[in-house]
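One letter stands for each residue in the lines below.
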Amino acid sequence: MSGLATYSASGAKAMHEDLVTTHAPLVKRIAYHLMNRLPPSVQVDDLIQAGMIGLLEAAGNYDAGQGASFETYAGIRIRGAMLDEIRRSDWTPRSVHRKARKWRR
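Anyway, here's the lowdown on the structure attached to this text. Note that the structure is predicted; figures quoted are calculated from it, not measured.

### Description of the layout of surface pockets
Here comes step 1: Here the largest pocket defines a volume of roughly 930 Å³.
Here comes step 2: Lining the largest pocket are 25 residues, with Leu38, Pro39, Ile86, Asp90 and His97 sitting closest to its centre.
Here comes step 3: Only helix H2 (44-61), helix H3 (70-89) and helix H4 (94-104) provide two or more residues apiece to the lining of the largest pocket.
Here comes step 4: If one sorts the elements of the lining of the largest pocket by residue count, H3 sits on top with seven residues.

### A look at the pattern of salt bridges
Here comes step 1: In the structure shown here, the tally under the stated rule is four salt bridges.
Here comes step 2: In this structure, Glu71 and Arg29 form a salt bridge, with 3.5 Å as the shortest nitrogen-oxygen distance. Remark: Arg29 occurs in helix H1 (residues 3-35) and Glu71 occurs in helix H3; sequence separation between them is 42 residues.
Here comes step 3: Given the relative accessible area of 53%, Arg29 is considered exposed.
Here comes step 4: With its nearest N and O atoms 2.7 Å apart, the salt bridge here joins Arg88 to Glu85. Within this pair, Arg88 and its partner Glu85 are both found in helix H3, separated by three residues, close to a single helical turn.

### Notes on the nonpolar core
Here comes step 1: Counting 18 residues, the largest nonpolar core has Leu55, Phe70, Ala74, Ile78 and Met82 as its most contacted members.
Here comes step 2: Counting residues per element, the ones that place at least two in this core are H1, H2 and H3.
Here comes step 3: The element contributing the most residues to this core is H1, with seven residues.
Here comes step 4: The residues contacting Ala74, other than those within four sequence positions of it, are Leu26, Leu55 and Ala58.

### Considering a positive patch on the surface
Here comes step 1: Positive charge collects at one region of the surface, where Arg94, Arg98, Lys99, Arg101, Arg104 and Arg105 lie side by side.
Here comes step 2: On the basis of relative accessibility, which here comes to 40%, the residue Arg101 falls in the partly exposed class.

Criteria and cut-off values
Here the residue numbering is sequential within each chain, running from 1 through the sequence in written order. It should be noted that, the model being predicted, local features are given only for residues of pLDDT at least 70 and side-chain atom pairs only at 80 or more, the latter also being counted only at that level, while totals for whole chains, interfaces and linings use all residues. Hydrogens and water molecules were not included; the side-chain quantities draw on all heavy atoms of the structure. With a 1 Å grid spanning the protein atoms alone, the term cavity applies to any set of points in which a 1.4 Å probe fits but cannot get out, the term pocket to an open set with protein on both sides within 12 Å along at least five of seven lines, and the term lining residue to any residue with an atom within 4 Å of a point. Grid points are joined across faces, edges and corners, and a volume is the space filled by probe spheres set on the points. Counting from the N terminus, the helices are the DSSP runs of H or I reaching at least four residues and the strands are the DSSP runs of E reaching at least two. Think of a salt bridge as a Lys or Arg side-chain nitrogen and an Asp or Glu carboxyl oxygen that are within 4 Å of each other. Relative accessibility under 20% of the residue-type maximum defines a buried residue, over 50% an exposed one, and the middle range a partly exposed one, all with a 1.4 Å probe and only protein chains included. Working definition of a nonpolar core: buried Ala, Val, Leu, Ile, Met, Phe, Trp, Tyr and Cys residues. They are joined through side-chain atoms within 4.5 Å. In what follows, a contact means two residues having at least one pair of non-hydrogen atoms within 4.5 Å. A residue counts toward a patch only above 30% relative accessible area and without a salt bridge, and it is joined to like-charged neighbours within 9 Å or, for Val, Leu, Ile, Met, Phe, Trp and Tyr, to nonpolar neighbours within 5 Å. To be clear on the numbers: accessible area is Shrake-Rupley with a 1.4 Å probe, and residue cover counts the displayed protein chains and nothing else. Positive charges are assigned to Lys and Arg, negative charges to Asp and Glu, while His and the chain termini are left out of the count. Each charge is placed at NZ for Lys, CZ for Arg, CG for Asp and CD for Glu.

As structure tokens, then:
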């Protein structure tokens with residue numbers, strides 16, 4: 001690998017790490033915001049872990065040319081990763097939860 005290619009690869013990696021480090025508190029903020037709307041059986045640590053994975057994916061896939069700020073893009077990806085993890089760990093289909101909410105009303 002040439003010196004320029006090595007420099008650009010290390011520069012991209014450093015930028016990626018900076019994005020993750022800078023926006024890590026965003027994960028915690030979104031997790032605690034979601035906790036207010038979830039049952040007590042969901043643990044905040046699980047949400048934070050899923051959110052960090054979402055943040056890492058957002059940092060890797062972010063394209064500044066699309067017009068959105070990184071914080072906006074990452075917030076959507078983080079929240080989505082948290083909700084995906086909750087759905088993945090739940091054994092009941094979403095229709096059962098929908099019917100239970102309807103019945104409670």
